[in-house]
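Below, each chain spelled out in residue letters.
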Amino acid sequence: MLFGAPTINLNLISELERQTPNLIVWAVPVMILFTLIEIIFSYKDNKAYYEKQELTGSILVGLGNLLVSAALKVSLLLLVVWIYNQVPWRMHLNWWTFPLCYIIYDLCSYWAHRISHEQRFWWATHVAHHSGEHYNLDVSFRLSWVQHLKIIFLMPVLLMGFHPIVFFVTNQIAVLFQFWVHTEYIRKLHPILEFILATPSNHRVHHGSQDCYIDKNYGATFIIWDRMFGTFEPEHIPVKYGLTTPIDNKWNPFFINFHEYKDIWKDVQKAKGFKQKWHYLFGSPTQIAQEKKQQH
C-alpha cells in the first residue's frame, strides 16, 4: 500500500535517525579529495581558479555549516516527523517514492532559490554562497549558516506525506548533486543534458555578476524549471564571478555569513517611514544595490 502508514512515535526519533543514511558525512572525504585534485591541476595548468583567502573562507564556512547542521539535526527531524504524523495521507517507506519526492523537492528548491535572490531578507541567507570571486569546487562548501530557515519553502514536500527517511535522503542527494557543478574544468555537456540538468555551464551563469547573468538559472538539479518560468540564460560570454559589490574580507567566515544582515540593519535604521524600511528588508537586492550606486 502507498498510503495509510502509521504515525511515528516521537520518542523513537533516535532510532529513525540511525535508520537514515548520513550520505553527506560519507561523501565529505570524496569531496575533499576531488577538491584537492582540482587545486593541484589548477596550479599545474597555471589556472587562476583558486585564491588562498577565498579557499580559507570556503573551508571555514563549510566547517561551520557542518556544525550548525549537526546541532539542528534532531530539531529538524522532530519537525519533519511531527508534520508527517499530522497528514492523513502518510506514505509508507517505499524507495520507489523517492523519484517523485526528488522532483517535487527540486521544484520547491527552485522557488526557494529564486526568492532568495529576489527578496533581501532571504538573500542574506544565501549571499555567502555567491561571495567568492573564483569558481571552483570549494564554492560548494560556502553554504550559509542560517540557510535552514528556508525549510519553510519545502513545506509542500513535507505536507505531501513522504516518509521522513525518503525526505532526508532526497535532501542529502540534492545537496551532493550541487558539488560537481561548481567547476570550470567541465565545459558544456551533451545538448540533452544541458537542456534538462543544472550542469556546470548552466550553474556558472547563475554565479555571474554581469547584467545578462544576474538572477538566472536557479535550478538545483533540473534546469528545466528555469526554461518553464523564464529565468534561463545560456553561457555565452565568459563569466565574471562574485557579487556586484565584492566583499573586502574574503576569509572571515563570520563576515562572509553575516555582512548582509549588518547592511540591512544600517539601511532600515536610516530609512524614513515604514514603506522604505520594508523595501530595504524585503525589496530586490539587485534594485537596492543599483539605488545605492546612484546615490553615491
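Heads up: the structure comes first, above all this text.
Quantities reported herein were computed from a predicted structural model and do not represent experimental measurements.

Asker: Explanation requested: the overall build of the protein in the structure shown.
Answerer: Across its full length, the protein carries 14 helices and 0 strands. Reading the helices (α) and strands (β) of the protein from amino to carboxyl end gives α-α-α-α-α-α-α-α-α-α-α-α-α-α. A compact globule built from 296 residues should have a C-alpha radius of gyration of about 19 Å, and the protein, at 20 Å, falls within 12% of that. Counting over 296 residues, the protein shows a buried share of 47%. Across the protein, the fraction of contacts at a sequence separation of at least 24, relative to all contacts at a separation of at least 6, is 76%. In the structure as shown, the protein presents an accessible area of about 15,300 Å², 68% of it carried by carbon and sulfur atoms. Within the protein, one finds 25 positive and 22 negative side-chain charges whose respective centroids are separated by 4 Å.

Asker: Any chance you could explain the layout of surface pockets here in plain terms?
Answerer: The gaps left among the atoms become clear once a water-sized probe is rolled over them. Put simply, the second largest pocket is a space of about 1,000 Å³. What lines the second largest pocket is a set of 39 residues, among which Thr244, Thr245, Glu260, Pro285 and Ala289 lie closest to the centre. Broken down by secondary-structure element, the contributors of at least two residues to the lining of the second largest pocket are α5 (120-123), α6 (127-130), α12 (253-270), α13 (273-282) and α14 (285-295). No other element matches α14, which puts 8 residues into the lining of the second largest pocket. The class makeup of the residues in the lining of the second largest pocket is 13 nonpolar, 15 polar and 11 charged.

Asker: Before we go on, may I ask you to explain the side chain of His163 in this structure?
Answerer: Along the polypeptide, His163 turns up in the loop between α7 (155-159) and α8 (164-177). Aside from chain neighbours lying at most four places away, what touches His163 is Ile8, Leu16, Tyr84, Met91, His92 and Leu93.

Asker: Which parts of the structure should I look at to understand unusual backbone geometry?
Answerer: When glycine is set aside, most residues are seen to have a negative phi, and most peptide bonds are trans. The backbone of Asp215 sits at a positive phi, close to 60°, despite the residue not being glycine. We classify Asp215 as partly exposed; its relative accessible area is 23%. With phi around 55°, Asn217 is a residue other than glycine that occupies positive phi space. Tracing the sequence through the fold places Asn217 in the loop between α10 (200-206) and α11 (224-229). On the basis of relative accessible area, Asn217 is assigned to the buried category, the value being 1%.

Asker: What is the right way to read helix α3 (residues 52-86) from this model?
Answerer: Given 3.6 residues per turn, any residue in an α-helix points the same way as the ones three and four places further on. The terminal C-alpha atoms of α3 lie 49 Å apart, and with 35 residues this matches the ideal 51 Å at 1.5 Å per residue to within 8%. Largest kink in α3: about 45°, centred on Lys73. Its side-chain oxygen at 3.1 Å from the backbone nitrogen of Gln53, Glu51 defines the N-terminal cap of α3.

Calculation notes
Residues numbered from 1 in each chain as written. Predicted model: local features only at pLDDT ≥ 70, side-chain atom pairs only at ≥ 80, totals over all residues. Heavy atoms only, no water. Helix = DSSP H or I, 4+ residues; strand = E, 2+ residues; numbered from the N terminus. Rg over C-alpha atoms; globule rule 2.2 N^0.38 Å. Buried < 20%, exposed > 50% of the residue type's maximum accessible area, 1.4 Å probe, protein only. Contact = heavy atoms within 4.5 Å. Areas by Shrake-Rupley, 256 points an atom, 1.4 Å probe, with all protein chains shown as cover. Lys, Arg positive; Asp, Glu negative; His and termini not counted. Charge placed at Lys NZ, Arg CZ, Asp CG, Glu CD. 1 Å grid on protein atoms, 1.4 Å probe; cavity = no way out; pocket = protein on both sides within 12 Å on 5 of 7 lines; lining within 4 Å. Points joined across faces, edges and corners; volume = space filled by probe spheres on them. Nonpolar A, V, L, I, M, F, W, Y, C, P; charged D, E, K, R; others polar. Expected span 1.5 Å × (residues − 1). Bend = angle between axes of the 7 residues up to and from the residue. Polar contact = N/O pair within 3.5 Å; in protein donor to acceptor, adjacent residues only side chain to side chain.

Read these as spatial facts, not as claims about activity.
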